[in-house]
Amino acid sequence: MSQQASKWTKPIPFIDLAAQRQRIGSSIEAAMARVVEHGQFIMGPEIRELEQQLAAFCGAKHALTCSSGTDALALVIMGLGVRPGQAVICPSFTFCATAEVVAWAGATPVFCDVDPSAFNICPRSMQNAIEKARNDGLEPVGVIPVDLFGAPADYDSIIDITDNEGMWILADAAQSFGATYKGRSIGTIGKATATSFFPAKPLGCFGDGGAVLTDDEELADRMRSIRVHGQGAHKYDNVRIGMAARMDTIQAAVLIEKLKVFPEEIEARQEVANRYDVQLNGSCEVPEIASECVSVWAQYTVKVNPGLRDAIQSELKAKGIPTQVYYPLPLHLQKAYASCPRAALGLSASETLSNSVLSLPMHPYLEAEVQDFISASLVAAISNCRG
């Protein structure tokens, strides 16, 4: 590592959107100006163009843009007709939106644990959660695996279970659009895939945005209706309960330009992750990506001694290095979800991870010398805090 842990003085962003803007800012501004010129700010031509490009990028038959990653999940839940008395299995170690949309439908999220190394849903705990749901008198209908931090879940094992149980899969790819699982692109696995274009995501817009990807034509048609208040032949013909979940045309225009450089950015993210792996392995527990899988590295998350994490963060902050904890409290321990059923074998991995994970600066424009400083500082902080 070329930089000593005490010599870097420039600000270090956690996610450097400014560097990306420097690269493609003029093309984005021109795209936004075109929208302003034609004035079709809602469902303008860029919406359909983006949907076609998203579908082509991952190989899905249908792509449906919407107003956020949460609304993408909700569109699928509503499109599938999830209702009270039904249960949907969700990992506890994730952002609340995964379970939130299930509760919106009046159904019950049933929490399962995650693999402590991969961070994603544990198939054994998932099966245990299905049994718990049935014991509680609920009908388990589906599962929402989360591709946490950009790495695909163990879909082969999940599919084995859902096929046997007659359940659907809604892939929560809020952090993983652009990843691949054993040669299959994220967006082509399960009944549907929901993703997010929140600005901090690997493919992010200039506000909120999301999309659903599916090969199911009937589901796609229902979601298009639900997206605009459940409209039928026209917007004043409402054939089902819906929502206002359209993506703004300007956001579509931004994403069209960003999608042009996205493959290069995925490769650059992998290079950054590889450097972290080499620099940090042996000092802390680095992420594990399953063989034949490609992560988009929405986050680079290590595990440190739970009793030392706060001190390590403080030492890094003093050197101008930002870090984040995703997530400090698993869902089953949060007030809003404390009454939800959980796998009978417990959720110990989720609880342990919430006390030990630490996410480092990660983006495709992270310069090697800056990363050297970050890694050297983390190694030093771990050593210092151990005493």
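Predicted, not measured: the structure shown is a model, and the values here were computed from it. (Residues numbered from 1 in each chain as written. Predicted model: local features only at pLDDT ≥ 70, side-chain atom pairs only at ≥ 80, totals over all residues. Heavy atoms only, no water.)

> How should I be thinking about the overall build of the protein chain in this particular structure?
Secondary structure summary: the protein chain contains 11 helices and 12 strands in total. For the protein chain, the C-alpha radius of gyration of 21 Å lies close to 21 Å, the compact-globule estimate for 387 residues. Each principal axis of the C-alpha atoms in the protein chain carries an extent, and together these give about 65 × 60 × 35 Å. In the protein chain, which comprises 387 residues, the share counted as buried stands at 56%. Within the protein chain, residue pairs in contact and separated by at least 24 positions form 73% of the contacts whose partners lie at least 6 positions apart. Put simply, the protein chain shows about 15,900 Å² of open surface, and 49% of that area lies on carbon and sulfur atoms. (Helix = DSSP H or I, 4+ residues; strand = E, 2+ residues; numbered from the N terminus. Rg over C-alpha atoms; globule rule 2.2 N^0.38 Å. Buried < 20%, exposed > 50% of the residue type's maximum accessible area, 1.4 Å probe, protein only. Contact = heavy atoms within 4.5 Å. Areas by Shrake-Rupley, 256 points an atom, 1.4 Å probe, with all protein chains shown as cover.)

> Even after reading the chapter, I still don't get helix H3 (residues 69-79), so can you show me in this structure?
Three or four residues apart is the spacing at which side chains of an α-helix point the same way, because the helix has 3.6 residues per turn. The element H3 is extensively covered by neighbouring structure, given that 10 of its 11 residues are classed as buried. Residues Gly 69, Thr 70, Asp 71, Ala 72, Leu 73, Ala 74, Leu 75, Val 76, Ile 77 and Gly 79 constitute the buried set of H3. The secondary structure elements touched by the buried residues of H3 are strand S1 (62-66), helix H4 (97-104), strand S5 (168-172), strand S8 (192-196), strand S9 (210-214) and helix H7 (217-227). Measuring from the side-chain oxygen of the N-cap residue of H3 to the backbone nitrogen of Thr 70 gives 3.4 Å; that N-cap residue is Ser 68. One or two positions beyond H3, positive phi appears at Gly 81, with a value near 70°. (Polar contact = N/O pair within 3.5 Å; in protein donor to acceptor, adjacent residues only side chain to side chain.)

> Help me out: how do you make sense of a nonpolar patch on the surface in this one?
On the surface, Val 36, Phe 41, Ile 42 and Met 43 cluster together into a nonpolar patch covering about 350 Å² of accessible area. Considering the arrangement of structural elements, one finds Phe 41 in the loop between helix H1 (17-38) and helix H2 (45-58). The class for Phe 41 is partly exposed, based on a relative accessible area of 41%. (Patch = residues over 30% accessible without salt bridge, like charges linked within 9 Å, V, L, I, M, F, W, Y side chains within 5 Å. Salt bridge = Lys/Arg side-chain N within 4 Å of Asp/Glu carboxyl O.)

> Quick question: what am I supposed to make of unusual backbone geometry here?
Excluding glycine, residues mostly carry a negative phi; peptide bonds, for their part, are mostly trans. Here Tyr 326 and Tyr 327 are connected by a cis peptide whose omega angle stands at 10°. Considering the arrangement of structural elements, one finds Tyr 327 in the loop between helix H9 (309-318) and helix H10 (348-356). Within the chain, His 229 stands out as a residue other than glycine whose phi angle is a positive 60°. With respect to the element layout, His 229 can be found in the loop between H7 and helix H8 (249-280). In this structure, Glu 292 takes a positive phi of about 65° despite not being glycine. Note that Glu 292 resides in the loop between H8 and strand S10 (293-294).

> Would you mind showing me how to read the layout of surface pockets here?
Empty space among the atoms becomes visible once a probe the size of a water molecule is rolled across them. Approximately 500 Å³ is the volume attributed to the largest pocket. Lining the largest pocket we find 22 residues, and of these Phe 95, Ala 174, Gln 175, Lys 201 and Tyr 327 sit closest to its centre. Looking at the lining of the largest pocket, the elements with two or more residues in it are H3 and H4. The element best represented in the lining of the largest pocket is H3, accounting for three residues. Here the lining of the largest pocket is built from residues that sort into 11 nonpolar, eight polar and three charged. Considered as a void within the structure, the second largest pocket measures approximately 280 Å³ in volume. Every residue lining the second largest pocket is counted, 17 residues in all, and those nearest its centre are Ala 118, Pro 152, Ala 153, Asp 154 and Ala 290. A per-class count over the lining of the second largest pocket returns 11 nonpolar, two polar and four charged. (1 Å grid on protein atoms, 1.4 Å probe; cavity = no way out; pocket = protein on both sides within 12 Å on 5 of 7 lines; lining within 4 Å. Points joined across faces, edges and corners; volume = space filled by probe spheres on them. Nonpolar A, V, L, I, M, F, W, Y, C, P; charged D, E, K, R; others polar.)

> Sorry if this is basic, but what is going on with the nonpolar core here?
One recurring pattern in soluble globular proteins: nonpolar side chains tend to sit buried together. Formed by 80 residues in total, the largest nonpolar core has its most connected members in Leu 54, Ile 89, Met 126, Tyr 155 and Leu 170. By size, the runner-up hydrophobic cluster in this structure holds 37 residues, among which are Val 146, Val 272, Val 304 and Val 357. (Core = buried A, V, L, I, M, F, W, Y, C linked by side-chain atoms within 4.5 Å.)

> How do you make sense of the pairing of S8 when you look at a structure like this?
Within a regular strand, the side chains alternate between the two sheet faces. By the criterion of burial, S8 is predominantly enclosed, with five of the five residues buried. Here S8 shows two buried faces, one formed by Ala 192, Ala 194 and Ser 196 and the other by Thr 193 and Thr 195. Inspection of the sheet shows S5 paired to S8 by three bridges, in the parallel sense. Residue pairing for S8: Leu 170 is matched across the bridge by Ala 192. As paired elements, S8 and S9 share four bridges and run antiparallel to each other. Opposite Ala 194, over in S9, you have Val 212 as the bridge partner. (Pairing = 2+ DSSP bridges.)

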